[in-house]
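# Observations on the three-dimensional arrangement
Chain by chain, the residues:
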Amino acid sequence: MGERTTITTEDGSFSAYVARPGRSPAPAVVVIQEIFGVNQVMRDITDGLAGQGYLAICPDLFWRIEPGIDITDHSEAELKRAFELFGAFDVEAGVGDIAATIAHIRGDAGCDGKVGAVGYCLGGQLAFLTATRTDADASVAYYGVGLENRVAEAEKLTHPLLLHIAEEDEFVPKAAQAIILAALKDHPQIEIHTYPGCGHAFAREGGHNYNPEAAKLANGRTLTFFKKTLG
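Residues numbered from 1 in each chain as written. Predicted model: local features only at pLDDT ≥ 70, side-chain atom pairs only at ≥ 80, totals over all residues. Heavy atoms only, no water.

Core analysis: the biggest nonpolar cluster contains 81 residues, and Val118, Leu126, Leu163, Phe202 and Phe226 have the highest contact counts within it. Setting aside residues up to four positions removed in sequence, Phe202 forms contacts with Tyr143, Ala166, Tyr195, Asn209, Tyr210, Asn211, Ala214, Ala215 and Ala218. (Core = buried A, V, L, I, M, F, W, Y, C linked by side-chain atoms within 4.5 Å. Buried < 20%, exposed > 50% of the residue type's maximum accessible area, 1.4 Å probe, protein only. Contact = heavy atoms within 4.5 Å.)

On to the pattern of salt bridges, then. Two side chains of opposite charge can pair, provided their charged atoms sit close to one another. Scanning the entire structure with this criterion turns up 17 salt bridges. A salt bridge links Glu153 to Arg133, with the nearest nitrogen and oxygen atoms 2.6 Å apart. Separated by 20 residues along the polypeptide, Glu153 in the loop between strand 6 (138-142) and strand 7 (161-166) and Arg133 in helix 4 (residues 122-133) bring together distant segments of the chain. In this structure, Asp186 and Lys185 form a salt bridge, with 3.3 Å as the shortest nitrogen-oxygen distance. On the basis of relative accessibility, which here comes to 63%, the residue Asp186 falls in the exposed class. Members of the salt-bridge network, linked through shared partners, are Glu66, Lys80, Arg81 and Glu84. (Salt bridge = Lys/Arg side-chain N within 4 Å of Asp/Glu carboxyl O. Helix = DSSP H or I, 4+ residues; strand = E, 2+ residues; numbered from the N terminus.)

Printed below as a string of structure tokens:
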């Protein structure tokens, strides 16, 4: 279903996976990866969004470290590598690459001009920063890590943001969740949903914490949000 495209920045070029919907032009959605690269999980999400009528694109944000990372959470070696990549990742540069991806897909003949973003894990933090630092029309963050250190940026928010928070997230402890909720729950542009009993990455199909019911609920809310904000 998908194709590859190349996005060029002042720092160099990187690839992205693109899935096109049946309609054209259509709103676009940038899919922001977890710490495992543009793997099958991310490609499936991208394909799924295309199936829902969106021009979907998933950029390779680890290209500055190593292009083409495609690993899973199914072995200790892969998990170790994923956390190494997470540690080496430059968040500021990553947000710049997302902004370049937004500009690239907005200029695609198949895009109607509206561009949203959805991110998971590391991508959840990046989706939050995409909302506060880029011209994305709407953003969704699934179990974003480190948001408790970013909440002050919400004052820059001018477009809608949807947050999915796992209440038993081992990477976002209760104290961090309390900071996020206290700072953001009354923001006029932010919609927040929490998921009781769910751990980190509860929406990752095939993952250790996958919760089908919660994933279905969150994904349904995401599609409703995008329909309202992007069309």
